[in-house]
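Each chain, written out:
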Amino acid sequence: TEYCDFVVQQSIEADDGRRLRPDMLIRLPNKRVIAVDSKAPIGDYNAAAQTADEEQRRALLASHAKNIRRHVDSLSRKEYQAALDDTLDFVVMFVPGEQFVPNDGELFEYAALRKVVVASPTSLLPLLRAVEKGWKAEKTEENAKRMHDAGVELFNRFVRVMELLSEV
């Protein structure tokens, strides 16, 4: 549910006074959060898709791959994890489509070492579904606890009624 399980464009202040603004904070049970950044650079990729010159296309795609790595480095330096006390130990870098992820077999490992998870719609949506399942499990657990507490209270009251009846 919007503004319940996630918030959009919330500003946070880092320990050193910097102002950080992730595009989305996904709220998890136990007051944990996942920061999501969706500002991945795709300009060079778009330019490569528009050009007919094969050499220029290769150069633009190489530039795109460098820009993606640079953005991974930038997200790593922002250290959302330190600014958000209850965050998980990574930030999600959202790219708007699979085609924008460079054909670089080492990108995911490179990003993971910097505590950045590269996610396209096909990987972000399952992550959000998992969060939804986590919330459902949390609510089920809360309901079970309330039912247990109500059962204990009912038992205690029944015992008290029986005590009063035995006195009568």
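All values derive from a computational prediction rather than experimental measurement.

## Considerations on the overall build of the protein chain
Inference 1: Of the regular secondary structure elements, the protein chain holds 5 helices and 7 strands.
Inference 2: When contacts within the protein chain are restricted to residue pairs at least 6 apart in sequence, long-range pairs at least 24 apart make up 58% of them.
Inference 3: Entry remark: accessible area of the protein chain is about 11,000 Å², with carbon and sulfur atoms responsible for 55%.

## Structural notes on the side chain of serine 120
Inference 1: Counting through the fold element by element, serine 120 comes out in the loop between β7 (116-119) and α5 (121-167).
Inference 2: Non-local contacts of serine 120, meaning those with residues more than four positions away in its chain, are made with Phe94, Val95, Gly97 and Glu98.

## Overview of the pattern of salt bridges
Inference 1: Counting across every chain of the model gives 7 salt bridges.
Inference 2: Salt-bridge contacts for glutamate 153 lead to arginine 157; the nearest nitrogen and oxygen are separated by 2.8 Å. Here the residue glutamate 153 and the residue arginine 157 both occupy positions in helix α5, the gap between them amounting to 4 residues, near one helical turn.
Inference 3: Its relative accessible area of 38% is what places glutamate 153 among the partly exposed residues.
Inference 4: Since its relative accessible area comes to 54%, arginine 157 is described here as exposed.
Inference 5: Connected via shared salt-bridge partners are Glu54, Arg57 and Arg58.

## Brief notes about α5
Inference 1: For α5, which comprises 47 residues, the first-to-last C-alpha distance of 69 Å matches the rise-based estimate of 69 Å (1.5 Å per residue) to within 8%.
Inference 2: Along α5, the positions that sit buried rather than exposed are Leu124, Val131, Trp135 and Glu138.

## Some thoughts on unusual backbone geometry
Inference 1: The residue lysine 115 is not glycine, and still its phi comes out positive at about 60 degrees.
Inference 2: The residue lysine 115 is located in the loop between α4 (107-113) and β7 in this model.
Inference 3: Owing to a relative accessible area of 38%, lysine 115 belongs among the partly exposed residues under this scheme.

## A few points about the pairing of strand β5 (residues 32-37)
Each regular strand displays side chains that alternate between the two surfaces of the sheet.
Inference 1: With 5 of 6 residues buried, β5 lies mostly within the body of the structure.
Inference 2: The pairing of strand β4 (residues 24-28) with β5 spans 5 bridges and is classified as antiparallel. Counterpart to leucine 28 in the pairing with β5 is arginine 32.
Inference 3: Counted between consecutive antiparallel strands, the loop separating β4 from β5 contains 3 residues, among which asparagine 30 sits at a positive phi close to 65 degrees.

## So, the packing of aromatic side chains
Inference 1: Tallied over the entire structure, the rule returns 1 aromatic pair.
Inference 2: Plain terms: the ring middles of tyrosine 45 and phenylalanine 100 are 5.0 Å apart, the flat faces sit at 70 degrees to each other, and that makes the pair edge-to-face. Taken as a pair, tyrosine 45 in helix α1 (residues 43-50) and phenylalanine 100 in the loop between β6 (87-94) and α4 lie far apart in primary sequence, 55 residues in all.
Inference 3: Judged by relative accessible area, phenylalanine 100 falls into the buried class, the value being 8%.
Inference 4: Seen from the ring of tyrosine 110, arginine 69 lies directly overhead, with NZ or CZ sitting 4.3 Å from the centre.
Inference 5: Lying across the ring of tyrosine 110, arginine 114 places its NZ or CZ 3.6 Å from the centre.

## Some words on the packing of α1 against helix α2 (residues 54-78)
Inference 1: Their axes nearest at 8 Å, the elements α1 and α2 cross at an angle of 165 degrees. Relative to α2, the element α1 lies roughly antiparallel. Once α1 is placed against α2, the crossing between them reads as left-handed. Only Arg57, Leu60, Leu61, Ser63, His64 and Asn67 of α2 make contact with α1, whose side of the interface consists of Asp44, Tyr45, Ala47 and Ala48.
Inference 2: In terms of residue class, the contact of α1 with α2 is built from 5 nonpolar, 3 polar and 2 charged.

Conventions adopted
- Residues numbered from 1 in each chain as written.
- Predicted model: local features only at pLDDT ≥ 70, side-chain atom pairs only at ≥ 80, totals over all residues.
- Heavy atoms only, no water.
- Helix = DSSP H or I, 4+ residues; strand = E, 2+ residues; numbered from the N terminus.
- Contact = heavy atoms within 4.5 Å.
- Areas by Shrake-Rupley, 256 points an atom, 1.4 Å probe, with all protein chains shown as cover.
- Salt bridge = Lys/Arg side-chain N within 4 Å of Asp/Glu carboxyl O.
- Buried < 20%, exposed > 50% of the residue type's maximum accessible area, 1.4 Å probe, protein only.
- Expected span 1.5 Å × (residues − 1).
- Pairing = 2+ DSSP bridges.
- Phe/Tyr/Trp six-rings, centres within 6.5 Å; stacked < 30°, edge-to-face > 60°.
- Lys NZ or Arg CZ within 6 Å of the ring centre and 35° of its normal.
- Axes fitted to C-alpha atoms, helices over the stretch in contact; angles between N-to-C directions.
- Parallel < 35°, antiparallel > 145°, perpendicular 65-115°, else oblique.
- Left-handed = near helix turned anticlockwise from the far one by under 90°.
- Nonpolar A, V, L, I, M, F, W, Y, C, P; charged D, E, K, R; others polar.

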